[in-house]
Amino acid sequence: MSEPTAIAQTNTNTEKTLFGFWVYIMTDCVLFASLFATFAVLRTSTFGGPTGVQIFHLPYILVETIALLTSSFTCGLALLSARQNDKRTSLLWFGITFALGALFLGMELSEFHKLALDGNGWQRSGFLSSYFTLVGTHGLHITIGLLWMGVLMVQAVRKDLSDGLLKRLTLFSMFWHFLDVVWIFIFTVVYLMGAL
Amino acid sequence: MNHFAGFLGRLSWQYLPHGAIMWGGALSFVFGGLAVVALVTYLKRWKWLWKEWLTSLDAKKIGVMYLIISLIMLLRGLGDAALMRAQQATSVGDSHGILDPAHFQQIFSAHGSIMIFFVGMGFMFALINLVVPLQIGSRDVAFPFLNSISFWLFAAGMVLINLSLVFGEFSAAGWLAYPPLSEAAFSPGVGVDYWIWALQIAGIGSLLSGINFFVTIMKMRTKGMNLMKMPMFSWSVLGAMSLVIVAFPILTVTLTLLALDRAFGMHFFTAGGGGNAMMYVNLIWAWGHPEVYIVILPAFSIFSEVVATFSRKRLFGYTSMVWAIWAIVFLSFTVWLHHFFTMGAGADVNAFFGIMTMIIAVPTGVKMFNWIFTMYRGRIRFTTPMLWFMGFVVMFTIGGVAGVLLAVPPIDFQMHNSLFLVAHFHTMIVTGVLFGYFAGATYWLPKIFGFKLNERLGKYAFWCWLVGFVLAFVPLYILGLMGATRRMDHYDASLGWQPLFIVAGVGVLFVLAGVGFQLLQVVYSIWKRKENTAGGDPWDARTLEWATPSPVPFYNYAVLPEITDRDDFWLHKHDKPAKPHYEDIELPKNTGMGVIVAGFAFLFGFGFVWHLWWLVLLGAAGAVVTLIIRSTDEETEYVLTAEEVRKLDAKQERYA
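Calculation criteria
- All residue numbers refer to positions counted from 1 along the written sequence of the respective chain.
- All chains are assigned letters beginning at A, and all ligands numbers beginning at 1, according to the order in which they are written.
- It should be noted that, the model being predicted, local features are given only for residues of pLDDT at least 70 and side-chain atom pairs only at 80 or more, the latter also being counted only at that level, while totals for whole chains, interfaces and linings use all residues.
- Hydrogens and water molecules were not included; the side-chain quantities draw on all heavy atoms of the structure.
- Secondary structure elements follow DSSP: runs of H or I no shorter than four residues count as helices, runs of E no shorter than two count as strands, and numbering proceeds from the N terminus.
- In this description the radius of gyration comes from C-alpha coordinates, and the expected globular size is given by 2.2 Å times residues to the power 0.38.
- To sort residues, take the accessible area from a 1.4 Å probe on protein chains only and compare it with the maximum for the residue type: under 20% means buried, over 50% means exposed, and anything in between is partly exposed.
- By definition, residues are in contact when any of their heavy atoms lie within 4.5 Å.
- Here the open area of atoms and residues is found with the Shrake-Rupley method and a 1.4 Å probe, where only the protein chains shown may cover a residue.
- Note that His is not counted, nor are the chain ends; the positive residues are Lys and Arg, and the negative ones are Asp and Glu.
- The atom standing in for a charge is NZ when the residue is Lys, CZ when it is Arg, CG when it is Asp and CD when it is Glu.
- Summed over both partners, the accessible surface that disappears when two parts come together, traced with a 1.4 Å probe, is what is meant by buried area.
- By convention in these notes, a salt bridge is any Lys or Arg side-chain nitrogen within 4 Å of a carboxyl oxygen on Asp or Glu.
- Think of a polar contact as two N or O atoms within 3.5 Å of one another; within protein, one of them needs to be a possible hydrogen donor and the other a possible acceptor, and neighboring residues in sequence only count if both atoms come from side chains.
- Expected span of a helix, by definition, is 1.5 Å for each gap between consecutive residues, and there is one gap fewer than residues.
- What the arc measures is the spread of directions leading from the helix axis to the C-beta atoms.
- Aromatic pairs are defined between Phe, Tyr and Trp rings, using the six-membered ring for Trp, whenever the two ring centres lie within 6.5 Å; interplanar angles under 30 degrees are classed as stacked, those over 60 as edge-to-face, and all others as tilted.
- Definition used: whenever NZ (Lys) or CZ (Arg) falls within 6 Å of the ring centre and also within 35 degrees of the ring normal, the charge is taken to sit over that ring.
- Side-chain atoms within 4.5 Å link the members of a nonpolar core, which is a set of buried Ala, Val, Leu, Ile, Met, Phe, Trp, Tyr and Cys residues.
- Residues are said to line a cavity or pocket when one of their atoms sits within 4 Å of a point; the points come from a 1 Å grid over protein atoms alone, cavities being sets where a 1.4 Å probe fits but cannot get out and pockets being open sets with protein on both sides within 12 Å along at least five of seven lines.
- Grid points are joined across faces, edges and corners, and a volume is the space filled by probe spheres set on the points.
- Three residue categories are used. Nonpolar comprises Ala, Val, Leu, Ile, Met, Phe, Trp, Tyr, Cys and Pro, charged comprises Asp, Glu, Lys and Arg, and polar comprises the others, including Gly.
- Predictor confidence is given residue by residue as pLDDT, running from a minimum of 0 to a maximum of 100.
- Residues form patches when they are more than 30% accessible in relative terms and have no salt bridge. Like charges link within 9 Å. Nonpolar side chains (Val, Leu, Ile, Met, Phe, Trp, Tyr) link within 5 Å.
- Orientation is described by axes fitted as lines to C-alpha atoms, over the contacting stretch for helices, and by angles from 0 to 180 degrees between their N-to-C directions.
- Roughly parallel means an angle under 35 degrees; roughly antiparallel means over 145; roughly perpendicular covers 65 to 115; every other angle is labelled oblique.
- Left-handed describes a crossing in which the near helix is turned anticlockwise from the far one by less than a right angle; the clockwise case is right-handed.

A look at the overall build of chain B
Move 1: Along the backbone of chain B there are 20 helices and two strands.
Move 2: For a compact globule of 656 residues, the expected C-alpha radius of gyration is about 26 Å, and chain B comes in at 25 Å, within 12% of that figure.
Move 3: Its C-alpha atoms put chain B at 75 × 60 × 50 Å along the principal axes.
Move 4: Here chain B holds 656 residues, and the buried ones make up 58% of them.
Move 5: For chain B, the proportion of contacts with a sequence separation of at least 24, taken over those separated by at least 6, is 83%.
Move 6: Put simply, chain B shows about 25800 Å² of open surface, and 70% of that area lies on carbon and sulfur atoms.

The following block contains the structure:
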């Protein structure tokens, strides 16, 4: 295959994949929308258990939120460096992104753990079931994101930043930013509206 | 002991089948599987099967595999239907028929789930895989590996739902498993869990296919084919896939929430604990109503292709057809509440959804008239696909009118949950969806395999189906009006319903004869394939897929076509072909990763059904690791050089 055609082929492939990934993100959007709707229906179904005001500690959640939002910013920086073929800087930023993501996940799990210890687990009420499921689904996405980021970082360490890898890094950053957007909604709808 | 119990979860001997009919189901599944294994071993075809078919990323082969599974599932679903008809024809007064109530409930639940998920959806994805890339002038789908995963997830779901015949039981909570009945408190067995995970795994496959074909149609059309020059089938697939993208995530969530309730004691839909069962009914129908349009839109447009070809006319009202599809896509999200008018939404809400439901009949009516006007003054050929179409036009109109009747809330209060409703939606789904896919299979299989199906046997099959359908369902309309409810395993002799139920039972015998003729048709046509060769364009058709040789080579088009008109192939089929200018073609390499990922998904589902938590973890981890390994493979494609393409193309039989 002659050189220009090969490049054109790669570009259309990348474009197709990015478009497909956008469509996937839209399906994930609908998935979260359904969970938000469920939460909206059940948020007052506390069945004698605690309400949001009694269990949410906004300062703690704010730290969590800042960690995740910052990780989205550093993820953007990492991708910029990768596009400039600066592998070292890119890996550094991805490392920071990973650490912040892990911090977020750790804080979330610790919050879940504390709730369960206090007898406010998901079996307590419809409200808590929907709370754990909505926030937990986001947390599961973050877990998958961390795993994915780890794999991509190992690939980046071991090989050059090929077109294929760059494409996957772009997809990952779309995913990570999307999770940020979802979290902003969770922060608003679940925590702010629940605790204020 | 406890340790061991944890390892085995809920598995125990008491879950093996009991009773002759249950053993019959279990043994037919086991021996059916064993017979296939034995046959392949005897013919020494394992390697061939694995290399040429199971690992193939060729959309046409994936389509054929979808088709085979759907046909087998059609037989299973029909078997369930025949058992139900037999039960209702005999279980009157002192007689209690052939099935006990618990088994009868499992059978109607399985019938609905299998017919929608593994026959309707399977048949649809079969034809989409076979036809869409060809029709839009593409060599492949957007993401071939994803396509393989989708298919194998569908297959894994199919195995899981049938495994309930052997280990345990199936759901007895109806095809949509309304809580609180489907909650652990009232359905403590594994049946509902089989239902959840079979549908969940197959449903995720469908969601991925939705994304795949949406991108394929948006991004991979050949030169010159703008959207308004696209064949009607591809248009409706675009509409249906848009619906999949928006509706299927709702199903994923709904099933997950029910599973969380059942396995981990959550309170989404439970009767106590602050759960809300109505929320389930809303969620499942927010998916469920679009779902019926997902399966029927492609069937509609198969009829559009068929009626234009066999009337030898341009499709009447192409633009209005496109708008009708998109009106249906949009409106299908605004009618879900008509499935539960009686569940207390109030007069205003019911009125809104009733009116929206009547409105959705308008675009459907537009399509009806367009098909009829296409036939008007056409030179009609009464081939088998055309017969399916004409059966559809008559029956679907009757069923549609029954549907508009049910859309009036006060009438629905009288008819809901009756056999009138059952007759209505079977008219839509059997004569709409199923007849459509039968027409599509008869129409397009010659393109894929290179020989036509026997017309005479096809016509016998059609008439048996049509007569059988009328005999089986017209009595149900009448019985419904007389007050017979659905899902009824016994009734009193004084009601006088038995004669009508017997007529319906005779109807199902005609349908079975129709399927018999179809099976015979397939076998006979394969046997006589040399006498029935299709050539590139066996029906004198209009759309682009017929520009390829039959059977279609694995690369679809040696040279990608360029089109200028909606019926470009029809206009230029007698022109002298230009000298082809061959180029290198990139094609995906086969891979078994799709099979492996779906295998792990199956273990995940099976583990969840039986509470084998180690298996759940193993399934999840296995699928993730497999995908990671796949992502490190940079060499997933190979190149067919221009010279090889030229040689292969020279060997193809070209159409005249």
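Focus: the overall build of chain A
Move 1: Of regular secondary structure, chain A possesses six helices and zero strands.
Move 2: When its helices and strands are written in sequence order, chain A yields α-α-α-α-α-α.
Move 3: Across its three principal directions, the C-alpha atoms of chain A cover 70 × 30 × 25 Å.
Move 4: Relative to its 196 residues, chain A shows a buried fraction of 51%.
Move 5: Nonlocal contacts in chain A, meaning residues at least 24 apart in sequence, comprise 83% of its contacts between residues at least 6 apart.
Move 6: Carbon and sulfur atoms form 70% of the exposed surface of chain A, whose accessible area is close to 9000 Å².
Move 7: In chain A, the 11 positive side-chain charges and the 11 negative ones have mean positions that sit 4 Å from each other.

Points about the interface of chain B and chain A
Move 1: Tallying the contact residues gives 35 residues for chain B and 33 residues for chain A.
Move 2: Both faces combined, the contact of chain B with chain A buries some 2900 Å², and carbon together with sulfur accounts for 71% of it.
Move 3: Considering only the surface of chain B that becomes buried against chain A, K219, V253 and E634 of chain B emerge as the three largest contributors, covering 15% of it.
Move 4: For the pair chain B and chain A, the interface holds two salt bridges.
Move 5: Counting across the chain B and chain A interface gives eight residue pairs in polar contact (both at pLDDT 80 or more).
Move 6: Of all the secondary structure elements, the ones that give two or more residues to the side of chain B that touches chain A are α7 (191-219), α8 (232-264), α9 (277-311) and α19 (613-631) of chain B.
Move 7: Looking at the side of chain B that touches chain A, the element that brings in the most residues is α8 of chain B, giving nine residues.

Brief notes about α19 of chain B
Residues and elements named next belong to chain B.
Move 1: Helix length check: α19, at 19 residues, gives a terminal C-alpha distance of 27 Å against a target of 27 Å (1.5 Å per residue), a fit within 8%.
Move 2: Here α19 has its buried residues at L615, V616, G619, G622, A623, T626 and R630. Summarising the axial view, the buried residues of α19 lie within an arc of 135 degrees, below the 170-degree limit, and thus occupy one face.
Move 3: For α19, the secondary structure elements touched by its buried residues are α6 (144-163) and α18 (593-610).

Side note on the packing of aromatic side chains
All names here are of chain B.
Move 1: Taken as a whole and assessed by the stated rule, the structure comprises 83 aromatic pairs over all chains.
Move 2: Ring centres 5.9 Å apart and planes at 75 degrees place the aromatic pair F123 and F438 in the edge-to-face group. Of this pair, F123 sits in helix α5 (residues 101-135) while F438 is found in helix α14 (residues 419-449), placing the two residues 315 residues apart along the sequence.
Move 3: The class for F123 is buried, based on a relative accessible area of 2%.
Move 4: Centroid distance F602 to F606: 6.1 Å. Interplanar angle 20 degrees. Geometry classified as stacked. In this pair, F602 and F606 are both assigned in helix α18, four residues apart and thus about one turn of the helix distant.
Move 5: What makes F606 buried here is its relative accessible area of 12%.
Move 6: When the ring centre of W53 is taken as reference, the NZ or CZ atom of K61 above it lies at 5.3 Å.

Focus on the environment of V64 of chain B
Residues and elements named next belong to chain B.
Move 1: Within the secondary structure layout, V64 lies in helix α4 (residues 59-90).
Move 2: Considering only alpha carbons, one finds V64 and H490, 426 residues apart in sequence, at a separation of 41 Å.
Move 3: In this structure V64 touches W53, L130, I448 and F449, once residues within four positions along its chain are discounted.

Some words on the nonpolar core
Move 1: With 257 residues, the main nonpolar core has Y131 and Y191 of chain A together with M241, W287 and W371 of chain B as its most contacted residues.
Move 2: Element by element, the count of residues in this core is highest for α9 of chain B, at 21 residues.
Move 3: If near-sequence neighbours (up to four positions away) are discounted, W287 of chain B is found in contact with F117, W175, L176, A247, F248, I250 and L251 of chain B.
Move 4: Counting seven residues, the second-largest nonpolar core is a separate cluster that includes Y555, Y582, I585 and L640 of chain B.

Some remarks on empty space enclosed by the protein
All names here are of chain B.
Move 1: For the coordinates displayed, the defined rule picks out four cavities of 30 Å³ or more.
Move 2: Taken together, 15 residues line the largest cavity, and the ones lying closest to its centre are E305, L315, Y318, T543 and D567.
Move 3: A per-element tally of the lining of the largest cavity places α9 first, with four residues.
Move 4: Tallied by class, the residues present in the lining of the largest cavity amount to seven nonpolar, three polar and five charged.
Move 5: Considering only enclosed or pocket space, the second largest cavity measures out at about 50 Å³ in volume.
Move 6: Lining the second largest cavity are M225, K229, R542, T543, L544, I563, D565, R566, D567, D568 and F569.
Move 7: Classifying every residue of the lining of the second largest cavity gives four nonpolar, one polar and six charged.

Some details on α4 of chain B
All names here are of chain B.
Move 1: Relative to the 46 Å expected for 32 residues at 1.5 Å per residue, α4 spans 46 Å between its end C-alpha atoms, a close match to the ideal helical length.
Move 2: The element α4 is extensively covered by neighbouring structure, given that 23 of its 32 residues are classed as buried.
Move 3: For α4, the N-terminal capping position is held by D58, with its side-chain oxygen 2.9 Å away from the main-chain nitrogen of K60.

Some thoughts on the side chain of T431 of chain B
All names here are of chain B.
Move 1: Checked against the element boundaries, T431 lands in helix α14.
Move 2: Taking the relative accessible area as the measure of exposure, T431 reaches 0% and is therefore buried.
Move 3: A polar contact is formed between the side chain of T431 and the backbone oxygen of T427, at a distance of 2.5 Å.
Move 4: Dropping the residues within four chain positions of it, T431 is found in contact with F303, F392, M395, F396, H426 and F469.

Quick notes on the confidence of the model for chain B
Move 1: Chain-level pLDDT for chain B is 94 on average; 98% of the residues reach the 70-or-more range.
Move 2: The ipTM assigned to the predicted complex is 0.95, against a pTM of 0.96.

Structural notes on a nonpolar patch on the surface
All names here are of chain B.
Move 1: A contiguous nonpolar surface patch, about 460 Å² in accessible area, is contributed by W23, L27, V30, F31 and L34.
Move 2: Its location among the elements puts V30 in helix α2 (residues 20-42).
Move 3: Among the residues examined, V30 registers a relative accessible area of 33% and is labelled partly exposed.

Some points on the side chain of E545 of chain B
Residues and elements named next belong to chain B.
Move 1: Of note, E545 is situated in the loop between α16 (498-527) and α17 (568-572).
Move 2: Among buried charged residues, E545 stands out as having no salt bridge; its nearest opposite-charge side chain is K447, 8.4 Å away.
Move 3: Side-chain polar atoms of E545 contact the side chain of W546, separated by 3.2 Å.

Re the packing of α14 of chain B against helix α15 (residues 455-482) of chain B
Residue and element names in this part refer to chain B.
Move 1: Their axes nearest at 7 Å, the elements α14 and α15 cross at an angle of 160 degrees. Taken together, α14 and α15 sit at an angle that is classed as roughly antiparallel. α14 and α15 meet at a crossing whose hand is left-handed. For the pair α14 and α15, the contacting residues are L419, F420, V422, A423, H424, H426, T427, V430, T431, L434, F435 and F438 in the first and F462, W465, L466, F469, F473, L476, Y477, L479, G480 and L481 in the second.
Move 2: A breakdown of the residues in the contact of α14 with α15 according to their chemical character gives 17 nonpolar, five polar and no charged.

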